[in-house]
Amino acid sequence: MEYLIIIISAIFVNNILLAQFLGCCPFLGVSNKLSTAVGMSGAVCFVITLATLVTYLLQYYVLVPLHIEFMQTISFILVIAALVQMVEIVLKKVSPSLYQALGIFLPLITTNCAVLGVALIVVTKEFTFGGEPHMLNLAESVVYAFATSVGFGVAMILFAGLREQLALNKVPKAFQGIPIALITASILALAFMGFSGLV
Amino acid sequence: MSKLQLITKGLIKENPTFVLILGMCPTLATTTSAMNGMGMGLATLFVLVLSNMAISATAPYIPDKVRIPAYIVIIAAFVTILQFIMQAYTPAMYETLGLFIPLIVVNCIVLGRAEAFANKNSVIDSACDGLGIGIGFTLALTVLGLVREIIGSGSAFGFKFISGDGILVFVLAPGAFLALGYLIVLFRKLTDKK
């Protein structure tokens with residue numbers, strides 16, 4: 001039951017893109033076409049879940065016992081960068097078809113703030129899913145990370161669909177490109193506000 | 001290009017928010033009020049100037065293949081220093097900006113300037129460039145924060161000038177997207193005429 005609350009809350013109520021503004025660069029940058037949006041979402045989903053698992057272990061088994069929590073930012077970003085590189089190499093070897101689909105997005109993900117953001121959220125913020133405020137344990141963290149990245153995918157794919165339709169319309173010159181995309185995102189965020197209070 | 005030009009080009013011609021459209025996450029998330037926007041802008045300015053200088057000084061010694069990870073480590077080091085300074089002197093602001101302070105590491109503006117400018121220019125020039133872009137970013141965030149604060153809660157820099165609430169949605173997520181969208185349009189209109 002608790003996991004269900006985590007999932008619903010991370011996908012709809014606290015959507016990472018539309019409520020927390022993490023990962024806006026790919027949200028505005030690669031949402032022109034539905035197919036690239038799907039590819040990006042898949043790659044982000046994969047990396048966020050894996051990165052959160054690794055950084056969680058790093059935080060509680062290396063940084064906290066050694067009392068060097070202030071190294072959090074540096075060590076997390078290094079681990080994420082190394083991880084992305086490794087995923088790229090492994091994927092190339094093991095599944096060339098998956099590499100074809102996700103490959104070009106992987107280098108971009110190192111500097112996607114959603115990845116570092118989620119990794120930092122799960123080790124710094126207290127959650128109140130189903131009762132007392134508490135820090136997330138390992139299983140909850142991974143579920144939270146996965147659900148968050150699904151939320152990223154949902155918002156991304158919806159938005160790409162909207163932008164594909166939008167491209168067919170005539171937009172005033174000053175609004176072309178990013179401004180109209182931002183205004184569309186605003187309406188989408190307004191729609192997602194309807195989910196608040198759900199959990 | 002003179003030093004002054006390097007600084008001023010970040011304000012209008014290459015404004016990171018309104019023209020280059022970089023660093024959207026902190027722009028949208030922290031501008032719930034003019035004060036918060038300015039705080040975030042100044043924090044980024046601090047990291048940008050110092051990382052630009054450090055990267056420009058060390059660039060000749062960093063092998064080309066590992067330059068991006070090396071830049072990220074340099075930037076992360078300055079962000080950690082910034083975290084300590086803010087915790088010590090502006091704890092309230094540190095609390096409000098929260099997650100977005102460590103996230104300066106992955107702000108595309110900082111890495112973008114390192115890659116596009118600092119690694120092939122002198123230390124002084126890089127510092128000027130960082131200062132210009134940083135001031136441009138701070139101004140943009142302050143303006144966006146001011147607009148959202150005026151419409152959203154009827155106050156400016158914390159001084160309330162109407163009683164009651166404003167249009168609350170402008171302080172929430174949809175308002176951020178909407179306000180920034182219209183501000184970019186306005187900025188384009190104004191700079192087009194010149």
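No experiment lies behind these values; they were computed from the predicted model shown.

Moving on, we come to the overall build of chain A. Check the secondary structure of chain A and you find nine helices and zero strands. The C-alpha radius of gyration of chain A comes to 18 Å, within 12% of the 16 Å expected for a compact globule of 199 residues. Expressed as a percentage of the 199 residues in chain A, the buried residues total 44%. Considering only contacts within chain A whose residues lie at least 6 apart along the sequence, 78% involve residues at least 24 apart.

Next up on the list: the overall build of chain B. In terms of helices and strands, chain B carries eight helices and two strands. Helices and strands appear in chain B in the N-to-C order α-α-α-α-α-α-α-β-β-α. The C-alpha atoms of chain B give 17 Å as radius of gyration, which agrees with the globular expectation for 194 residues (16 Å, within 12%). Dimensions along the principal axes, computed over C-alpha positions, put chain B at roughly 60 × 45 × 25 Å. Across the 194 residues of chain B, 49% fall into the buried class. Residue pairs at least 24 apart in sequence account for 75% of intrachain contacts in chain B once pairs closer than 6 positions are excluded.

What follows deals with the interface of chain B and chain A. Between chain B and chain A, the residue contacts involve 30 residues of the former and 30 residues of the latter. Looking at the side of chain B that touches chain A, the elements that each hand over two or more residues are α2 (24–29), α4 (67–89), α6 (108–116) and α8 (173–193) of chain B. Counting residues per element, the side of chain B that touches chain A draws most heavily on α8(B), which supplies ten residues. Tallied by class, residues from the side of chain B that touches chain A come to 26 nonpolar, two polar and two charged.

What follows covers the nonpolar core. In this structure, Val115(A), Leu116(A), Ile75(B) and Val105(B) are the most contacted members of the largest nonpolar core, which totals 116 residues. When neighbours within four sequence positions are excluded, Leu116(A) is seen to be in contact with Phe76(A), Ile77(A), Ile80(A), Leu103(B), Val105(B) and Val106(B).

In this section: the packing of helix α3 (residues 34–63) of chain A against helix α4 (residues 72–94) of chain A. All names here are of chain A. The contact between α3 and α4 brings their axes to 10 Å, and the two run at 140°. Classified by the interaxial angle, the pair formed by α3 and α4 is oblique. Between α3 and α4 lies a crossing of right-handed hand. Contacts between α3 and α4 involve Val 47, Leu 50, Ala 51, Val 54, Thr 55, Leu 58 and Leu 63 from the former and Gln 72, Ser 75, Phe 76, Val 79, Ile 80, Leu 83, Val 84 and Val 87 from the latter. A breakdown of the residues in the contact of α3 with α4 according to their chemical character gives twelve nonpolar, three polar and no charged.

With that settled, consider the confidence of the model for chain B. Residues and elements named next belong to chain B. This prediction gives chain B a mean pLDDT of 88; 98% of its residues lie at or above 70. Put simply, strand β2 (residues 159–160) is where chain B has its lowest mean pLDDT, 81, and helix α3 (residues 34–58) is where it has its highest, 93. Prediction confidence for the complex, expressed as pTM and ipTM, is 0.88 and 0.85 respectively.

Next up on the list: the environment of Lys9(B). All names here are of chain B. Its place among the elements puts Lys 9 in helix α1 (residues 3–9). When the C-alpha atoms of Lys 9 and Ile 85 are compared, they prove to be 29 Å apart, with 76 residues separating the residues in sequence. Residues within four places of Lys 9 in sequence aside, it is in contact with Glu 14 and Gly 132.

You can see Gly39(A) is positioned in helix α3. Classification of Gly39(A) by C-beta neighbours within 10 Å gives partly exposed; the count is 18.

Quick look at the confidence of the model for chain A now. Predicted confidence across chain A gives a mean pLDDT of 85, with 96% of residues reaching 70 or more. Per-element confidence in chain A is highest for helix α8 (residues 138–166) of chain A, whose mean pLDDT is 91, and lowest for helix α6 (residues 106–109) of chain A, whose mean pLDDT is 74.

If you want to describe how two helices pack, look at the angle between their axes and the distance between the axes. Residues and elements named next belong to chain A. Two elements in contact, α4 and helix α7 (residues 113–124), have axes whose closest approach is 10 Å; the angle formed by their N-to-C orientations is 130°. Viewed along their axes, α4 and α7 adopt a mutual orientation that is oblique. The handedness of the crossing between α4 and α7 comes out as right-handed. Along its contact with α4, which presents Phe 76, Ile 77 and Ile 80, the element α7 presents Val 115, Leu 116, Ala 119 and Leu 120. For the contact of α4 with α7, a count of residues per class yields seven nonpolar, no polar and no charged.

Here we take up the environment of Gly136(B). Residues and elements named next belong to chain B. Relative to the elements of secondary structure, Gly 136 occurs in helix α7 (residues 123–153). Sequence spacing of Gly 136 and Ala 116 is 20 residues, and the spatial spacing of their C-alpha atoms is 17 Å. Not counting the four nearest positions on each side in its chain, Gly 136 is found in contact with Gly 10, Leu 11, Asn 15 and Pro 16.

With 23 residues, α4(A) extends 32 Å between its outermost C-alpha atoms, agreeing within 8% with the 33 Å of an ideal straight helix rising 1.5 Å per residue. Considered for burial, the residues of α4(A) that qualify are Gln72(A), Thr73(A), Ile74(A), Phe76(A), Ile77(A), Ile80(A), Ala81(A), Val84(A) and Leu91(A).

Let us look at unusual backbone geometry. Not every positive phi belongs to a glycine, and His67(A) is a case in point at roughly 55°. In this fold, His67(A) is placed in the loop between α3 and α4.

Here is what the cut-offs are and how they apply
- Residues numbered from 1 in each chain as written.
- Chains lettered and ligands numbered in written order.
- Predicted model: local features only at pLDDT ≥ 70, side-chain atom pairs only at ≥ 80, totals over all residues.
- Helix = DSSP H or I, 4+ residues; strand = E, 2+ residues; numbered from the N terminus.
- Rg over C-alpha atoms; globule rule 2.2 N^0.38 Å.
- Buried ≥ 20, exposed ≤ 12 C-beta atoms within 10 Å, placed from the backbone.
- Contact = placed C-beta atoms within 7 Å.
- Nonpolar A, V, L, I, M, F, W, Y, C, P; charged D, E, K, R; others polar.
- Core = buried A, V, L, I, M, F, W, Y, C linked by C-beta atoms within 7 Å.
- Axes fitted to C-alpha atoms, helices over the stretch in contact; angles between N-to-C directions.
- Parallel < 35°, antiparallel > 145°, perpendicular 65-115°, else oblique.
- Left-handed = near helix turned anticlockwise from the far one by under 90°.
- pLDDT = per-residue confidence, 0-100.
- Expected span 1.5 Å × (residues − 1).

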